[in-house]
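Summary of the model geometry
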Amino acid sequence: VSMDSEAKKTSTTIRDYATVAFFTWLIIATIICARIFHLDVISSFYFVTVTFTSVGYGDIVPTPDGEKLFTAIFVLVSIVIIGLAFGILFASLTEAEENRIEKLRLSMLEDDKWVNDSRGEKRARDTDQPFNPLFDPNGRTLTVAAMILLLCITTGVTICKYEGYSWIDGVYFSIVSLSTVGY
């Protein structure tokens, strides 16, 4: 099995998982939303899609605390899922283009710049392992997620203090505002 086919297989598997996660989240959120908001499935799917894409038309608005809490959690999880899905998609497209450029570069190299890898395939001496968007050795993903959560909580507490809202209303309004859903 060549290195290209292994990378392609891994890339395809990661894309498949991202796609399944994306649609599974939409389906689960639609079902939960229908129960919490007392909506039919079509209206629930509409609300979830409008919220998921951060459009927030405002024709369906969460009013009780349970609806606001669901919406706040849904928005935060959706931001992560959309970010991962698009990150994986763009990393896959970038990797395919980099592989094409690398093959072109290798075809133009002189023989003394080639090395045999562990599988006996020729590659350039300075080639690194392909980028894996799900592995973050520096913890940047977790750091960014923690910073976003801290920003939402800080903004929520500020709204509670200065506007006299409950903590659920404060966190809900901060997440809806910071995520640009906006209802």
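An account of the accompanying structure is given in this report. (Residues numbered from 1 in each chain as written. Predicted model: local features only at pLDDT ≥ 70, side-chain atom pairs only at ≥ 80, totals over all residues. Heavy atoms only, no water.)

Quick word on the nonpolar core
Across soluble globular proteins, nonpolar side chains have a tendency to be buried as a group. Cut-off, in case you're wondering: The set of buried Ala, Val, Leu, Ile, Met, Phe, Trp, Tyr and Cys residues whose side-chain atoms join them within 4.5 Å is what this entry labels a nonpolar core. Relative accessibility decides the category of a residue: with a 1.4 Å probe and only protein chains considered, values under 20% of the type maximum give buried, values over 50% give exposed, and everything between is partly exposed. Helix and strand definitions follow DSSP, with helices as H or I runs of at least four residues and strands as E runs of at least two, each counted in order from the N terminus. Pairs of residues are marked as contacts when any of their non-hydrogen atoms sit within 4.5 Å.
If you look at the biggest cluster of nonpolar residues, it comprises twelve residues: Trp25, Leu26, Ala29, Cys33, Phe37, Phe47, Val48, Phe52, Ile60, Phe70, Phe74 and Ile81. At the level of elements, helix H1 (3-37), helix H2 (41-52) and helix H3 (65-108) are the ones that each hand at least two residues to this core. If one sorts the elements of this core by residue count, H1 sits on top with five residues. In contact with Ala29, not counting residues within four places along its chain, are Ser44, Val48, Phe70 and Phe74. Counting seven residues, the second-largest nonpolar core is a separate cluster that includes Val75, Tyr172, Ile175 and Val176.

Re the pattern of salt bridges
Opposite charge on two side chains permits them to pair, given that their charged atoms come into close proximity. Our working definition: Every case where a carboxyl oxygen of Asp or Glu lies within 4 Å of a side-chain nitrogen of Lys or Arg is listed as a salt bridge.
Under the definition given, this model contains one salt bridge. As a salt-bridge pair, Asp169 and Lys68 come within 2.5 Å of each other at their nearest N and O atoms. Of this pair, Asp169 sits in helix H5 (residues 167-178) while Lys68 is found in helix H3, placing the two residues 101 residues apart along the sequence.

Examining a nonpolar patch on the surface
Where we set the bar: Residues enter a patch when their relative accessible area is above 30% and they make no salt bridge; the linking distance is 9 Å between like charges and 5 Å between nonpolar side chains (Val, Leu, Ile, Met, Phe, Trp, Tyr). To measure how exposed things are, a 1.4 Å probe is used in the Shrake-Rupley method; for residues, cover is taken only from the protein chains shown.
Together, Phe86, Leu89, Phe90 and Leu93 make up an exposed nonpolar region whose accessible area comes to about 400 Å². The residue Phe90 is located in helix H3 in this model. A residue is classified by how much of its surface remains accessible, and Phe90, at 48% relative accessible area, is partly exposed.

Comments concerning helix H4 (residues 140-163)
Filter applied, for reference: What a helix is expected to span follows from its residue count: subtract one and scale by 1.5 Å.
Taking 1.5 Å of rise per residue, 24 residues should cover 34 Å, and H4 covers 34 Å from first to last C-alpha, within 8% of that figure. Looking at H4, one finds that the buried residues are Cys152, Gly156, Ile159 and Cys160. Directly after H4, the chain includes Gly164, whose backbone phi takes a positive value near 75 degrees.

Here we look at the side chain of Thr30
What counts, and what does not: Here a polar contact is recorded for every N or O atom pair within 3.5 Å, except that within protein the pair must consist of a potential hydrogen donor and a potential acceptor, and residues adjacent in sequence are included only if both atoms are side-chain atoms.
As for its position among the elements, Thr30 is in helix H1. Judged by relative accessible area, which is 7%, Thr30 ranks as buried. A distance of 2.7 Å separates a polar atom in the side chain of Thr30 from the backbone oxygen of Leu26. Ignoring any residue separated from it by four or fewer positions in sequence, one finds Thr30 in contact with Val41, Ser44, Phe45 and Val48.

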